[in-house]
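Structural overview
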Amino acid sequence: LSFSVSNYRSIKNKATLSLLPVKAFKEIPGNVFNAVGKIDLLRSAVIYGANASGKSNLLRAFEQFVTFILSSTNMKFKQEISLFEPFLLDTQSNRKPVSFEVEFINDEQVRCIYIVELESLQILKEELFCYPKGQKTKVFSRLKNKPIEYGTLIKGEKKSIEARLLDNQLFLSKGANENILFLQEIYKYFEVNYYFLTQFTSVFSESFLSNILSRLIRESPIEIQQKLKTLISIFDTGIISYEFEKSNQSQLLSLPETKDIFTKSFENTWKNEFNDDIHTLHNVFDKKGKIIKQTTFSISNESSGTRSLFVIALLMLSALEDGKIFVIDEIEQNLHPIIVNTLIKLFQNPRINKKNAQLICTTHNAHLLGDDIYRRDQVWFTEKNEKGETSLYSLADIEGVRNNIPYDKWYLSGRFGATPVVNDLKFIYGNDTQKKK
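The rules we used
- Residues numbered from 1 in each chain as written.
- Predicted model: local features only at pLDDT ≥ 70, side-chain atom pairs only at ≥ 80, totals over all residues.
- Heavy atoms only, no water.
- Helix = DSSP H or I, 4+ residues; strand = E, 2+ residues; numbered from the N terminus.
- Expected span 1.5 Å × (residues − 1).
- Buried < 20%, exposed > 50% of the residue type's maximum accessible area, 1.4 Å probe, protein only.
- Axes fitted to C-alpha atoms, helices over the stretch in contact; angles between N-to-C directions.
- Parallel < 35°, antiparallel > 145°, perpendicular 65-115°, else oblique.
- Left-handed = near helix turned anticlockwise from the far one by under 90°.
- Contact = heavy atoms within 4.5 Å.
- Pairing = 2+ DSSP bridges.
- Phe/Tyr/Trp six-rings, centres within 6.5 Å; stacked < 30°, edge-to-face > 60°.
- Lys NZ or Arg CZ within 6 Å of the ring centre and 35° of its normal.
- Salt bridge = Lys/Arg side-chain N within 4 Å of Asp/Glu carboxyl O.
- 1 Å grid on protein atoms, 1.4 Å probe; cavity = no way out; pocket = protein on both sides within 12 Å on 5 of 7 lines; lining within 4 Å.
- Points joined across faces, edges and corners; volume = space filled by probe spheres on them.

Our next topic: helix α1 (residues 55-71). With 17 residues, α1 extends 25 Å from end C-alpha to end C-alpha; this agrees with the ideal 24 Å at 1.5 Å per step. If you check which residues of α1 are buried, you get Lys55, Asn57, Leu58, Leu59, Ala61, Phe62, Glu63, Phe65, Val66, Phe68 and Ile69.

Turning our attention to the packing of helix α6 (residues 222-234) against helix α10 (residues 304-322). Packing of α6 against α10 leaves a shortest axis separation of 10 Å and a crossing angle of 135°. As judged from the angle between their axes, α6 and α10 are oblique. The interaxial crossing formed by α6 with α10 has right-handed handedness. Of α10, the residues touching α6 (which contributes Ile224, Lys227, Leu228, Leu231 and Ile232) are Leu309, Phe310, Ala313, Leu314, Leu317, Ser318 and Glu321.

Let us look at α10. Side chains that are three or four residues apart share a direction in an α-helix, a result of its 3.6 residues per turn. For α10, built from 19 residues, the straight-helix expectation of 27 Å at 1.5 Å per residue is met to within 8% by its first-to-last C-alpha distance of 27 Å. Counting buried positions along α10 yields 16 of 19 residues, so the element is predominantly enclosed. Gly323, located one to two residues past α10, shows a positive phi value of around 70°.

So, about the sheet that holds strand β13 (residues 276-285). Strand order in the open sheet formed by three strands is β12-β13-β14, with antiparallel pairing between adjacent strands. The sheet is open, and its two edges are formed by β12 (241-246) and β14 (291-298), each paired on a single side. Each strand axis lies, on average, 35° off the axis of its neighbour in the sheet, ignoring direction.

Here we take up the pairing of β14. Both β13 and β14 contribute to a ladder of seven bridges, which runs antiparallel. Counted as the bridge partner of His279 is Ser298 from β14. In sequence, β13 turns back onto β14 through a hairpin of five residues, with Gly289 there showing a positive phi of about 85°.

Bringing the sheet that holds strand β18 (residues 390-394) into the picture now. The six strands are arranged β11-β15-β16-β5-β17-β18 in an open sheet whose pairing can be described as mixed. Every other strand in the sheet has two partners, leaving β11 (194-197) and β18 as the edge strands with one partner each. Here the strands of the sheet are splayed against their neighbours by 15° on average, with no regard to which way each runs. Pairing between strand β5 (residues 44-49) and strand β16 (residues 358-362): four bridges, direction parallel. Paired with Ile47 across the bridge in β16 is Thr362. Packed on one face of the sheet, α1 meets β5, β11, β15 (325-328), β16, β17 (379-384) and β18 and runs near 135° to β5.

Now for the side chain of Ser220. For Ser220, the location among the structural elements is in the loop between α5 (206-219) and α6. On the accessibility criterion, Ser220 (11% relative accessible area) is buried.

On to the packing of aromatic side chains, then. A complete count under the given rule lists 23 aromatic pairs for this structure. Note on Phe381 and Tyr411: the rings are 5.6 Å apart at their centroids and 25° apart in plane angle, and the pair reads as stacked. One end of the pair, Phe381, is in strand β17; the other, Tyr411, is in helix α12 (residues 407-412), and 30 residues separate them in sequence. Put simply, the rings of Phe3, Tyr8, Phe62, Phe65, Phe100, Phe104, Tyr114, Tyr189, Phe190, Tyr194 and Phe196 touch in pairs and so form one group of aromatic residues. Looking at Lys229, its charged tip hangs above the ring of Tyr242, at a distance of 5.1 Å from the centre.

All right, on to the pattern of salt bridges then. Per the counting criterion, the structure on display carries 15 salt bridges. With its nearest N and O atoms 3.7 Å apart, the salt bridge here joins Lys125 to Glu127. Given a relative accessible area of 23%, Lys125 falls into the partly exposed group. Note on Glu127: relative accessible area 12%, which makes it buried.

Our next topic: the environment of Leu231. Note that Leu231 resides in helix α6. Overall, the relative accessible area of 9% leaves Leu231 in the buried class. For the pair Leu231 and Leu317, spaced 86 residues apart in sequence, the C-alpha separation works out to 9.6 Å. The residues touching Leu231, leaving out its near neighbours within four places in the chain, are Ala313, Leu317, Leu343 and Leu346.

Before going further, it helps to spend a moment on the layout of surface pockets. If a probe the size of a water molecule is rolled over the atoms, the empty space left behind becomes visible. Its volume calculated, the second largest pocket comes out at about 440 Å³. What lines the second largest pocket is a set of 26 residues, and nearest its centre among them are Leu41, Ile105, Tyr189, Ile325 and Gln358. Taken together, the elements giving at least two residues each to the lining of the second largest pocket come down to β1 (2-6), β3 (32-36), β6 (98-105) and β16. Among the elements that make up the lining of the second largest pocket, the one with the highest residue count is β6 (four residues).

Here it is, written out as structure tokens:
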């Protein structure tokens, strides 16, 4: 339903990304679905903004928060919480807590709100509220130096778990891993409902991408594998299908960038778990343009756009198949705008997105604003002020914006803000920039 963060990196004041639709808006009704009861939700949200305006920080905060929920039980005594990355451009914020809040509907169709405030070495506040019968009910409330307060939804032994809880661990994670049933349901929601792709870089080499991608595809259901083949082939990449071949692990693990950092145990695990490469199939033509045979390319011989398409399409199809939330930074990674347009429309189409998966993405692609893809309440902007503080606001918050204006042209003209300020080129090149030939 929403995610909020404050005092994290460039986000000093509270920023909230909401997927609750504005009830007064009637445009593109198919972009809205009924989640449970009277709660309607948006199928997607897109975030625009200049470079370094804070778009990536918002998604990073979201991903790192979910990661901490799933891993906090591994924290050791007095270990620093890496999630603590406060705003550093004033003299007060670096001494204040970082805050996170996520509102969601869990797999049992119960609306929940989970709140965490933390410092470098300890959790200052952790609260979970749910609406099992439509009324807000406290599950537990944990405040610094106070006993945890419990509601009636948590059954079983709690005090012994609380006594063994470290200052830098989350009670939600600890309780779920020690068989508190209700907390297990909440923990499972975070464990299985999110796909994040926020740092889209090659891991050491393209060979690694091939190994990892082949593993991901092989572990996907047959239906997703077939849809991936179809999707890749219709995008005019020249690829008609793909296949797997045994990987040359000895060559991979002897690369200069890997041989000095991998232990023998890691090498053995990699050889056992990631032992395939993915190869693409292409038609070969004779001089008359007739197909005479097929040949295979290593994925490393494909364009960066094609490699991006494989990864993004696979995760999108998986999210659609399972009704999950896919969060991606810079969705246009090396992809043509028409391809990005088509991929986003997979989520917006109720006939395709039958399980109500959601897409949250950032982009610089203004073309997406001009093709009746998004409602006003689905479009968000980040802007950084002269103090380095990121603000987040929706197109729905801007007065005078109707649903029949050209959003793309208005955005590029600067009417919505969130565009880069480019100083006069004379600053660099002098008055020569104005001279005619």
